[in-house]
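So you can see what is in the structure, the chains are spelled out below.
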Amino acid sequence: MVDLTLEEFQRNQSGRISRDIIGQSEQHEQKMNANAYQLWENAHQHLVTILRLLDQDYDESCEKANHPLESFCDNDLVYLIHVRLRVMLGDLSRKKEPDETIEIKQRLIEISQKYTDLEQILLAEQELNKNLRAEKSALEAHLSAIRQVHKEGVSQETQQPIRATEYPHPDIPIPNWITTWRETKTFEKTSTVILVMGEMGIALRPTLIKMMAKRLSLSSANKNLDEALNWLITPSDKSCPQLIEQAEGIMASGSSAGGNQPAVLRLTTEGEIAYQVLTGNPPKENEYDTLLRHHSSPEHTILNIQVIEVLKEEGYRIQGKAQSIHLSNGETYIPDIVAVDPKTGEIIFIEVERDVNKDQNIRKTKWMKFYEASNGNLYVFCDNLNCQRAVQGEINLALKGLNYNSFITNLHGIRNGKRAEKDGSIWLTQKIWNK
């Protein structure tokens, strides 16, 4: 058996999931088309039977002309039935014999009742066909969105840890301060910081402390970890440059998801050089800088990073980067997060919302786009409970009259250990449409 690389394994997994989704959609579409055709065929045959009963001579002449009643369209059959009913009503008014008149009236009543019943059946079948076509259109729109996501490929989530080498990589020029840094007592811990940031692109200080503790087999509460970070931001040895900097332009006040807003860190130019010297590879782009290009504000970017961390802890696989999905009406939709559900293997789109005031017309358009791209399966991660309740109200109002499933939660509640009573999942509020 040929060993597969992680990238090839994830690509194969993505391809298999995509083929399964496409296959299921095509089978469902075939089933809907077959059911719709069967319903129409039954209604059509009833119309043929009525016309044949009303005018057997016409039926025989059509057969001889190699143009049987079955080949007529529904509108033509209805028209011919109406013509013959009007003729029968005219003949009835001219009948003089009472007994014959009564018999004809009774027969006409029976035929009219049959026609009414068939008309009701036809209307019901037309409504069913309309619903089936709408469902087919929704499935096609969702399938198109899934295919567009797969074109971007699967993001690489796991990388093997790289340890600091005892000597610098031979192909990279070595600044003089590297030697000084290696001789410091904090080199093991500070170099671990550089390696973690360079390998994983981690930006949030709490997450960075957590990963450092894991690498060094220490408690996250160990004060030496914070000291190592602070040394890199403000080196005590003046011969060493600043290797990590804190991002600016972020509100220092408390987070709406609870607690203080986490500090956002990135490697400086010298920090990137340090990583290359230690590993021989360029560092991964900082996750905050990557996501900031696709989000409305630094705070929304940080919230997205925090939500992604929760999703990973719950077994969700993050699928690629934010990208535009083209909808059937020519507009585009960009989900905040694309993930793979660990229970079903299906790709889901997740919106990340903050508790801030927003234009209601823009919000309605947003939820309508989300509805089409997700085929009515809306996943929303809010920062707190107030936002969660407001978003639920927005969705109910925007999608009134439509059938949809909504799964809404909030980061503050999840951090405090809350889970859904229904299934123990992180989606605290679930609205399921029962077909």
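What counts and what doesn't
- Residues numbered from 1 in each chain as written.
- Predicted model: local features only at pLDDT ≥ 70, side-chain atom pairs only at ≥ 80, totals over all residues.
- Heavy atoms only, no water.
- Pairing = 2+ DSSP bridges.
- Helix = DSSP H or I, 4+ residues; strand = E, 2+ residues; numbered from the N terminus.
- Contact = heavy atoms within 4.5 Å.
- Axes fitted to C-alpha atoms, helices over the stretch in contact; angles between N-to-C directions.
- Buried < 20%, exposed > 50% of the residue type's maximum accessible area, 1.4 Å probe, protein only.
- Phe/Tyr/Trp six-rings, centres within 6.5 Å; stacked < 30°, edge-to-face > 60°.
- Polar contact = N/O pair within 3.5 Å; in protein donor to acceptor, adjacent residues only side chain to side chain.
- Disulfide = S-S within 2.5 Å.
- Left-handed = near helix turned anticlockwise from the far one by under 90°.
- Nonpolar A, V, L, I, M, F, W, Y, C, P; charged D, E, K, R; others polar.

(A) Summary view of the sheet that holds strand β7 (residues 347-353). A sheet is described by the order of its strands in space; here 6 strands give the open sequence β3-β6-β7-β8-β9-β10, paired in mixed fashion. Among the strands making up the open sheet, the edge pair consists of β3 (317-318) and β10 (429-431). In the packing of helix α12 (residues 360-374) onto the sheet, contacts are made with β7 and β8 (377-382), and the angle to β7 comes to roughly 165°. The strands touched by helix α13 (residues 385-398) within the sheet are β7, β8, β9 (405-410) and β10, with β9 carrying the most contacts at an inclination of about 165°.

(B) Representation of the side chain of Gln306. Turning to its location among the elements, Gln306 is positioned in helix α11 (residues 298-313). Taking relative accessible area as the criterion, Gln306 reaches 6% and is therefore assigned buried. Excluding anything up to four places from it in sequence, Gln306 contacts Leu204, Pro262, Leu411 and Arg415.

(C) Highlighting the packing of aromatic side chains. Applying the stated criterion across every chain, the model contains 9 aromatic pairs. On the basis of an interplanar angle of 85° and a centroid distance of 6.5 Å, the ring pair of Tyr316 and Trp427 is categorised as edge-to-face. Of this pair, Tyr316 sits in the loop between α11 and β3 while Trp427 sits in the loop between α14 (411-415) and β10, placing them 111 residues apart in sequence. A ring pair is formed by Tyr379 and Trp427, whose centres lie 5.1 Å apart and whose planes are at 70°; its orientation type is edge-to-face.

(D) Focus on unusual backbone geometry. Here Asn66, not a glycine, exhibits a phi torsion of approximately 60°, which is positive. Structurally, the position occupied by Asn66 is in the loop between α2 (56-64) and α3 (74-94). Of the residues examined, Asn66 reaches a relative accessible area of 68% and is grouped as exposed.

(E) Summary view of α2. A distance of 3.4 Å separates the backbone nitrogen of Asp57 from a side-chain oxygen at the start of α2, and that oxygen is part of Asp55. Of the residues one or two after α2, Asn66 is the one with positive phi, at around 60°.

(F) Examining the state of the cysteines more closely. Enumeration over the complete set of coordinates arrives at 0 disulfides. Just so you know, Cys387 is unpaired, no disulfide at all, and the nearest cysteine sulfur is the one on Cys382, 3.6 Å from it.

(G) Structural detail: the packing of helix α6 (residues 187-200) against helix α7 (residues 205-216). The interhelical angle for the contact between α6 and α7, taken along N-to-C directions, is 115°, at an axis separation of 10 Å. In terms of crossing hand, the pair formed by α6 and α7 is right-handed. For the pair α6 and α7, contact is made by Glu188, Lys189, Thr192, Val193, Val196, Met197, Glu199 and Met200 and by Leu208, Met211, Met212, Arg215 and Leu216, respectively. Per-class residue counts for the contact of α6 with α7 are 8 nonpolar, 1 polar and 4 charged.

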